[in-house]
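Residues per chain are reported as follows:
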Amino acid sequence: MSKFSAPKGVKEYFPPDSHKFEFVRDGLLFPARVAGYQLLELPVFEDTEVFARGVGASTDVVTKEMYTFDDRGGRSITLRPEGTAGAIRAVIEHGLDKGQLPVKIFYQGAFFRAERPQAGRYRQFYQVGIEAIGYQDPEIDVEVISIADQGYRKLGLKNFQLEITSLGDLQSRTAHKKDLMSFIGKLKLDEATLERAKLNPLRLFDDKREEIKQSMKDAPVLLDYLSKESAAHFNRVQDLLKSLSIPFTINKKMVRGLDYYTGTTFEFTHSLLGAQSGIGGGGRYDGLMSLLGGKEMSGIGFGLGIDRTILALEAESINIKNQNYLHIYFVPLGETAKQTAFELCVALRTREISADMAYGDRGLKGAMNAADKSGATFVAVIGDEEMKTGKVTLKNLRDGSTELVNLSVEDLTRFVEKIRITSKSK
RNA sequence: GUGGGCGUAGCUCAGCCGGUAGAGCAUUCGGUUGUGGUCCGAAAUGUCGCGGGUUCGAUCCCCGUCGCUCACCCCA
């Protein structure tokens, strides 16, 4: 038992499985890169106001899930619970919105929420996200959705679903809110629920308690209140999704946990996961830029959960191969051979030939075992005879074939590169 | 924040009615003074989560505590 353990609720990725994390992170981001999105590397903490204002005072995220503390200068700091608010802050601060539009950015990293941990829910979790800011074209909505869809597909994921809805423009929401409030006013609700309804009545749609579900069954839904413009936009989004053959369903009662969403909103869920089935989600935000001190400008983006996507892949029994590779593994026998092997390793690496060796003066059998486990393509045993003749047998660990090669960086490099080219051309 | 389940070797777990611990995998070494994966053999590794109580005696029973885990809630 070690004396220390990681803080409660964090998920760590370590060998031999950590390559899964890299695979998922890079796979989810790839479609964004080829769509012209560029990296925005952000701080993991921000002025608390960025989230309090950006994410919204009615959200659980802000009211009870933020890691907030005072720094040494007495400033209130919060570890980022999501990516969009900070991204928008950076866009405004650095004037990205003053250049060519849309601003297309992606980010990736750790996020923090002080929740009770559970399967697929961690206090430090990982997301990739993108934002497209500056235009309201329905094509951009669908571009963002399709990038998420492609990301999941690229990883080989199958059992995921896309749900979409529209939260409309201000006019739509005002009209709906009026009717919804009077509907809720007729319900018998407990104190806490009523409080929540006051801050954001839409939240009641999300309640999982049977009695609330029952009473909300006939509640007016926002989709029926969309303004002409909002309805046209939403219809166009659906048409575009169909033209791209991206399957989706409309969820009239979908509620997102962040207050800034307007217009098109969407969620990806996976059917083989437990209670935490959401693997990604996002939507449009019309008011966020001005809320954070920028100009009136609409944007749309998503956040995809790396942790949950890994769980989803595992639930589908999708085997993620380790992409790491090693070309040569040296097994030195004796002190002089050890130094030669070491020097060869270093020299080969500068030529981008990956090489490793057995340390710790291990016996031949143990060292061969290590070579095998390293996943190297070739093993080279260097002992007295090799040192004397200046030639070494390279054994291919995959097929057992051997070849005698001069014990020099040049010849070893040539040999590995030749093999590389022939195996690539297959 | 509320509730259920579980804490024994690096990992997965066994341990009967209380008598101070085992297996498999992994690790290292040997069988084979120079060529791996299989097989056979051996070695090493534990405050039995922590604190208290009951008892001649607690991994086992009781209480507390911490941790993990699942669900509610919420969301990625």
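Residues numbered from 1 in each chain as written. Chains lettered and ligands numbered in written order. Predicted model: local features only at pLDDT ≥ 70, side-chain atom pairs only at ≥ 80, totals over all residues. Heavy atoms only, no water.

**Structural notes on helix α1 (residues 18-33)**
No. 1: Taking 1.5 Å as the rise per residue, α1 with 16 residues should run 22 Å; its terminal C-alpha atoms sit 23 Å apart, in good agreement.
No. 2: Burial in α1 covers these residues: H19, K20, F21, V24, G27, L28, L29, P31 and A32.
No. 3: Against the buried residues of α1 lie β5 (103-112), β6 (124-133), α5 (138-155), β11 (299-305) and α11 (306-315). (Helix = DSSP H or I, 4+ residues; strand = E, 2+ residues; numbered from the N terminus. Expected span 1.5 Å × (residues − 1). Buried < 20%, exposed > 50% of the residue type's maximum accessible area, 1.4 Å probe, protein only. Contact = heavy atoms within 4.5 Å.)

**Here's the deal with the domain arrangement of chain A**
No. 1: Each domain of chain A was delimited in the assignment, giving domain 1 (18-169 + 227-315) and domain 2 (326-424).
No. 2: Just the C-alpha atoms count here: the centres of domain 1 and domain 2 sit 47 Å apart. (Domains from an automatic or database assignment.)

**Examining the pairing of strand β7 (residues 160-166)**
Remember that side chains alternate between the two faces of the sheet whenever the strand is regular.
No. 1: Most of β7 sits inside the fold, with five of its seven residues counted as buried.
No. 2: Here β7 runs beside strand β8 (residues 249-250); their pairing, made up of two bridges, is parallel. Within the sheet, the bridge partner assigned to E163 lies in β8 and is T249. (Pairing = 2+ DSSP bridges.)

**Here's the deal with the protein's contact with RNA strand B**
No. 1: What surrounds RNA strand B is a group of 49 residues, the closest being R196, G257, K365, D372 and E386.
No. 2: Of what RNA strand B places within 4 Å of the protein, 52% of the atoms are sugar or phosphate.
No. 3: One of the side-chain nitrogen or oxygen atoms of R116 is found 2.5 Å away from a base oxygen of RNA strand B.
No. 4: In the environment of RNA strand B, a base nitrogen lies 2.3 Å from a nitrogen or oxygen atom belonging to the side chain of D372.
No. 5: Residue contributions to the surface near RNA strand B peak at six residues, all from helix α13 (residues 364-374).
No. 6: Its residues assigned to classes, the surface near RNA strand B shows 11 nonpolar, 16 polar and 22 charged. (Near = heavy atom within 4 Å. Polar contact = N/O pair within 3.5 Å; in protein donor to acceptor, adjacent residues only side chain to side chain. Nonpolar A, V, L, I, M, F, W, Y, C, P; charged D, E, K, R; others polar.)

**A word on the packing of α1 against α5**
No. 1: Interaxial distance between α1 and α5 falls to 8 Å at its minimum, and their mutual angle equals 140°. As summarised for this structure, α1 and α5 are arranged oblique, according to the angle between their axes. For the element pair α1 and α5, the recorded crossing hand is right-handed. Along its contact with α1, which presents F23, V24, G27, L28, F30, P31 and A32, the element α5 presents I147, Q150, G151, Y152, K154 and L155.
No. 2: Across the contact of α1 with α5, the residue classes break down as nine nonpolar, three polar and one charged. (Axes fitted to C-alpha atoms, helices over the stretch in contact; angles between N-to-C directions. Parallel < 35°, antiparallel > 145°, perpendicular 65-115°, else oblique. Left-handed = near helix turned anticlockwise from the far one by under 90°.)

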